[in-house]
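# Survey of secondary and tertiary structure
The primary structure of each chain is shown beneath.
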Amino acid sequence: MAPDKRARTRKLLQLMFQDYYRTNHDLVDIPERVQNREFGLENWDYLWVCKQRIEVQEDGREVRKGCGRSGRSFSEFQVCPNCGEKGLLTNRWSRHHGFRSRDMLIGELVRSVPHSVYHSAAFYKVPVARSMVEKGWEGAELVFDIDADHLDAPCAEKHDAWQCSNTECGETGTGAAPEKCPECEENSFRSLKWICDECLEAAKENTMKLYDKFLVKHFGIDPERIQLNYSGHRGYHVRVRDPSVFNLDSNGRMEIAHYLTGMGLNSTIESKGRLRIRPTGELKNWQLPAIARKIADAMIEFIDNIDSYEGKDKWVKHIVAQKEAAIEGLGKEPPMLSAKVMKVGPKYWQEIANRAAAFYSVDIDQPVTTDIHRVIRLIGSLNGKTGFAVTEVTRDELTDFNPLSDSIVFDEGTLKISVPKRGIGVPEFRVGDSTYGPFNGTVEELPKAVAVFILCKGMASVE
Ligand SMILES: [Zn+2]
Ligand SMILES: [Zn+2]
Ligand SMILES: [Zn+2]
């Protein structure tokens, strides 16, 4: 895309975002103890620096590299535009911001109009200090990120795509990028990640499970102290704002993450003599009975809910018919894979145990939970990858929440955009009540939210 078209598109998006922040002060959520939070702003442009440095070669020679220039660019440069050297430093983040009040925060958003806005889950004595020691960590909310990216939803094969960055090759394909280009064997790709009802629904189901089963039921957290939001793109965030979790260190948060992801619930079914569940993690002998119990409990839960299981496995009908006998055996101490359950042998029990482990757990992006200095999107801000709002929802609202309708901000008027013809086009997608695309090499007049979405994805320019 020509630089002037990019600049014009960028400017328009920024003006629209600015208008949003200027007229929607009330939609922006101000986190508790805002004066103790670090804010991070992600900008539209990259700052690049070609550092002057001396590199020692293998033969011991010292070679000067880098020209010392710096500048701004729309895309992330791999080599210096001035001297062509690799190893450029690029950054679009500015961290260590602090705001004492709503007015100061909104004022900055209107003034600098960032692409995306984040704040720390942590509280700091001095959030604007540049080093962690000076910041003075004073605890952090417990946060979870559930992202369609981690869920391996089958729809990614349909709507995600990649193109080889080697301009002489330009090979394209669907799904996630391969390790090496099958055509030219280079390993650099431009990838396109899209969203649809299917993957967003999977993320939502995981979020509800995390909330209902783990946070409220297993951990007994007061629902009043849990905040939920749609991220504005591929998933959901859950923030536990209960002071009892604030002082958990990284290890404590890691244990919680392992518990949620069902770590250690892998098993093999021993088939010598009587069938037994044998945990396969690295465990000491004395730990085995307790873990076998956990696995059996997960199997009971799965079998109890077998009616909602959508798999077409051969054992499903046998389990449905003999549910009570199966659960009764698993409930014994030690748990038994009951011989009364006819036509289910070790192979099927193994498959059931595997499904049960998956059914038990939720898929979270672990580092978000375990990193006590992590920043998370500001609720009510706009997500620069889509133009959708980071939208707060209550647990009741979440059941029927529809991100591709309910987080739309720019809902009036139309916008004319030009989608250049290239290897990866815009796939078919839904926003609101209608379906759009596929587009490749056309000019389209579209509802504003739809046009903004494509522009934010970098797939088009304003006409
Ligand atoms: Zn340079
Ligand atoms: Zn290639
Ligand atoms: Zn999808």
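## Quick word on the environment of His-159
Inspection of the secondary structure puts His-159 in helix 4 (residues 156–159). On a C-alpha basis, the gap between His-159 and Asn-266 in space is 32 Å, while along the polypeptide they are 107 residues apart. The residues contacting His-159, other than those within four sequence positions of it, are Trp-194, Cys-196 and Pro-427.

## Some points on helix 5 (residues 197–218)
With 22 residues, helix 5 should reach 32 Å at 1.5 Å per residue; the first-to-last C-alpha distance of 29 Å fits that figure. Of all the bends in helix 5, the greatest measures close to 30° and is centred on Leu-210. Among all positions in helix 5, only Cys-199, Leu-200, Ala-202, Ala-203, Lys-204, Asn-206, Thr-207, Leu-210, Tyr-211, Phe-214 and Leu-215 are buried. Of the residues trailing helix 5, Gly-220 is marked for its positive phi of about 65°.

## Quick look at the sheet that holds strand 12 (residues 189–192)
Sheet architecture is open: three strands sit in the order 11-10-12, paired in antiparallel fashion. Only two strands of the sheet have a single partner each, and these edge strands are strand 11 (172–174) and strand 12. Going from strand to strand, the sheet's axes swing by 20° on average, the running direction of each strand aside.

## Structural notes on helix 10 (residues 323–331)
Considered for burial, the residues of helix 10 that qualify are Ala-326, Gly-329 and Leu-330. Taken around the axis of helix 10, the buried residues stretch over an arc of 95°, which confines them to a single face. Those residues of helix 10 that are buried are in contact with helix 8 (288–304) and helix 9 (316–321).

## Structural notes on the packing of helix 1 (residues 3–23) against helix 15 (residues 448–456)
For the pair helix 1 and helix 15, the least separation of the axes is 11 Å and the interaxial angle reads 125°. Taken together, the axes of helix 1 and helix 15 lie oblique to each other. The element helix 1 and its partner helix 15 pack so that their crossing is left-handed. Mapping the contact onto sequence places Thr-9, Leu-13 and Met-16 in helix 1 and Val-452, Leu-455 and Cys-456 in helix 15.

## Remarks on the sheet that holds strand 23 (residues 461–462)
Taken in spatial order, the three strands of this open sheet run 22-19-23, and their pairing is antiparallel. Only two strands of the sheet have a single neighbouring strand rather than two, namely strand 22 (442–447) and strand 23. Here strand 19 (residues 414–419) pairs with strand 22 via six bridges, running antiparallel. Residue pairing in the sheet places Ile-417 in a bridge with Glu-444 of strand 22. Strands strand 19, strand 22 and strand 23 of the sheet are contacted by helix 15, whose axis makes an angle of about 30° with strand 19.

## What to know about unusual backbone geometry
In this chain, Glu-333 is followed by Pro-334 through a cis amide linkage whose omega measures -5°. Pro-438 follows Gly-437 through a cis peptide bond whose omega is -5°. Take Pro-438: it is sitting in the loop between strand 21 (434–436) and strand 22. Phi at His-96 is positive, roughly 60°, even though this residue is not glycine. Within the secondary structure layout, His-96 lies in strand 5 (residues 89–97).

Parameters at a glance
- Residue numbering note: each chain is counted from 1, following its sequence as written.
- The lettering of chains begins at A and the numbering of ligands begins at 1, in the order of writing.
- This being a predicted model, a pLDDT of at least 70 is required before a residue's local features are given, and a value of 80 or more before pairs of side-chain atoms are given or counted; all residues contribute to the totals for chains, interfaces and linings.
- Secondary structure elements are taken from DSSP: a helix is a run of H or I of four residues or more, a strand is a run of E of two residues or more, and numbering for both begins at the N terminus.
- By definition, residue pairs are in contact when their C-beta atoms, positioned from the backbone, come within 7 Å.
- To estimate the expected span of a helix, count its residues, drop one, and scale the result by 1.5 Å.
- The angle between axes fitted to the seven-residue stretch ending at a residue and the seven-residue stretch beginning at it gives the bend at that residue.
- Any residue surrounded by 20 or more other C-beta atoms within 10 Å of its C-beta is treated as buried, while 12 or fewer makes it exposed and the intermediate range makes it partly exposed; C-beta atoms here are placed from the backbone.
- The pairing criterion for strands is at least two bridges between them, as found by DSSP.
- Angles shown run from 0 to 180 degrees and are taken between the N-to-C directions of axes, each axis being a line fitted to C-alpha atoms and, for helices, limited to the stretch in contact.
- Working definition: the arc comes from the directions between the helix axis and the C-beta atoms, pointing outward to the latter.
- Roughly parallel means an angle under 35 degrees; roughly antiparallel, over 145; roughly perpendicular, 65 to 115; everything else is oblique.
- Left-handed describes a crossing in which the near helix is turned anticlockwise from the far one by less than a right angle; the clockwise case is right-handed.

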